[in-house]
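# Secondary and tertiary structure notes
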Amino acid sequence: MNEQEKQKHNHKQKSVQVLLSAYDGEHYLPAQLDSILSQKGVQVSILVRDDGSGDGTQRILRNYAKKYANLSAYSGQNLGTAKSFFHLLKHAGCSCSYYAFADQDDVWLEGKLAHAVSCLEKMERKYPGRPLLYAGNVIYASKDLRIQQTVPARCVRKPSFGNALTENICIGCTQVFNRKLLELVRSHLPDGTVLHDWWMYLSASYFGSVYYDPNAYILYRQHEKNQIGMQKTAAARWKNRALHFGGLRHKLSGQAALFRDAYAELLETDAQNKRNARSLGLLCAYRADEKKKWQLVFDQAIYRQNRLDDLACRILFLAGYL
């Protein structure tokens, strides 16, 4: 392929900007950057925000930025994961077709972005002009990547806003989204603490559409610094379930209120989402209204993917806990 043919071929490829937040990631960051730069079938660029690292992360980023014209990085004070990714959303370029989140310690299979883009293009033909989100399964991998295990997909029911109100099935490191969703979210960021990937799921499922891919294109590295990891035994999964629900005290209703406030002007003029609006209103108000509490408990539009988790969620709604 000569240079002219190569340029013509590259022009046909969709552009994807990868947004990566790094913090003390010197041990795993190079492998992740290499896997992103090696993506096939797309024009990839990377924007990295260093979240106040104290190790060699900034040195690594400077070296990569010198070597690769399609990688840029900047540093800031430590904001924490969610706020750092929201900062990246505000500084993302406006010329790309699609955008993706990346964690610093994973490794991507070379077709990850191309497959996500293909799915998003199909969605755009079905939902033109709508905010769209792709997410998928992961391959759990040991720290050295030698041991790998794919677990059943987290999504057994259709992704929806009612599901997003109770849980986040869209792991951030798998998320790829279109420019419409980028523009929507960065002009309606939450005024409070919300996980960035959960906010994307809420926003896309209310105003657009979400596709969950049961296939996996990412090695999700497990190590001692993982914020969310794999539970290898039944006892560990039960312990994690108890800790998870224990940490959700008033958080679901609080997050719903943040969503309502952030998107207030859009919700007032949106007559197409009556079912979503009803579910949102119930979750925001149920702790102060006994009638709405019972309506929420029996609202089938609101659900968790796992049946046992769904039952626990409804019991906790009844107790006014969530």
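Everything here concerns the structure above.
Reference entry: report on the structure contained in this document. (Residues numbered from 1 in each chain as written. Predicted model: local features only at pLDDT ≥ 70, side-chain atom pairs only at ≥ 80, totals over all residues. Heavy atoms only, no water.)

## Regarding the pattern of salt bridges
For side chains of opposite charge, pairing can occur when their charged atoms come near one another. Short version of the rule: One speaks of a salt bridge when a side-chain nitrogen belonging to Lys or Arg is within 4 Å of a carboxyl oxygen belonging to Asp or Glu. Counting from the N terminus, the helices are the DSSP runs of H or I reaching at least four residues and the strands are the DSSP runs of E reaching at least two. Buried means the residue's accessible area, taken with a 1.4 Å probe over protein chains only, is under 20% of the maximum for its type, while exposed means over 50%, and partly exposed covers the values in between.
If you walk through the whole model with that rule in mind, you get 7 salt bridges. Residues Arg-314 and Asp-310 are paired through a salt bridge, measuring 3.0 Å at the closest nitrogen-oxygen approach. On the criterion of helical spacing, the pair formed by Arg-314 and Asp-310 is a turn pair, its members being 4 residues apart in helix H14 (residues 307–318). A single burial state applies to Arg-314 and to Asp-310, both of which are buried.

## Here we look at the layout of surface pockets
Inclusion rule: Space inside and on the surface of the protein is sampled on a 1 Å grid over the protein atoms alone, with a cavity defined as a set of points where a 1.4 Å probe fits but cannot get out and a pocket as an open set with protein on both sides within 12 Å along at least 5 of 7 lines; lining residues have an atom within 4 Å of a point. Grid points are joined across faces, edges and corners, and a volume is the space filled by probe spheres set on the points.
The computed volume of the second largest pocket comes to approximately 590 Å³. Those elements that provide at least two residues to the lining of the second largest pocket are helix H5 (112–126), helix H6 (161–164), helix H8 (196–207), strand E9 (209–221) and helix H12 (274–285). With 4 residues, the single largest contributor to the lining of the second largest pocket is H5.

## Focus: empty space enclosed by the protein
Here the idea is plain: a probe the size of a water molecule rolls over the atoms and shows the empty space left. Evaluated as defined, the whole model comprises 1 cavity of 30 Å³ or more. Considering only enclosed or pocket space, the largest cavity measures out at about 50 Å³ in volume. Around the largest cavity sit Lys-112, Tyr-134, Gly-136, Asn-137, Thr-174, Asn-215, Tyr-217 and Ile-218, which together line it. Among the elements of the structure, strand E6 (132–141) and E9 are those that each provide at least two residues to the lining of the largest cavity.

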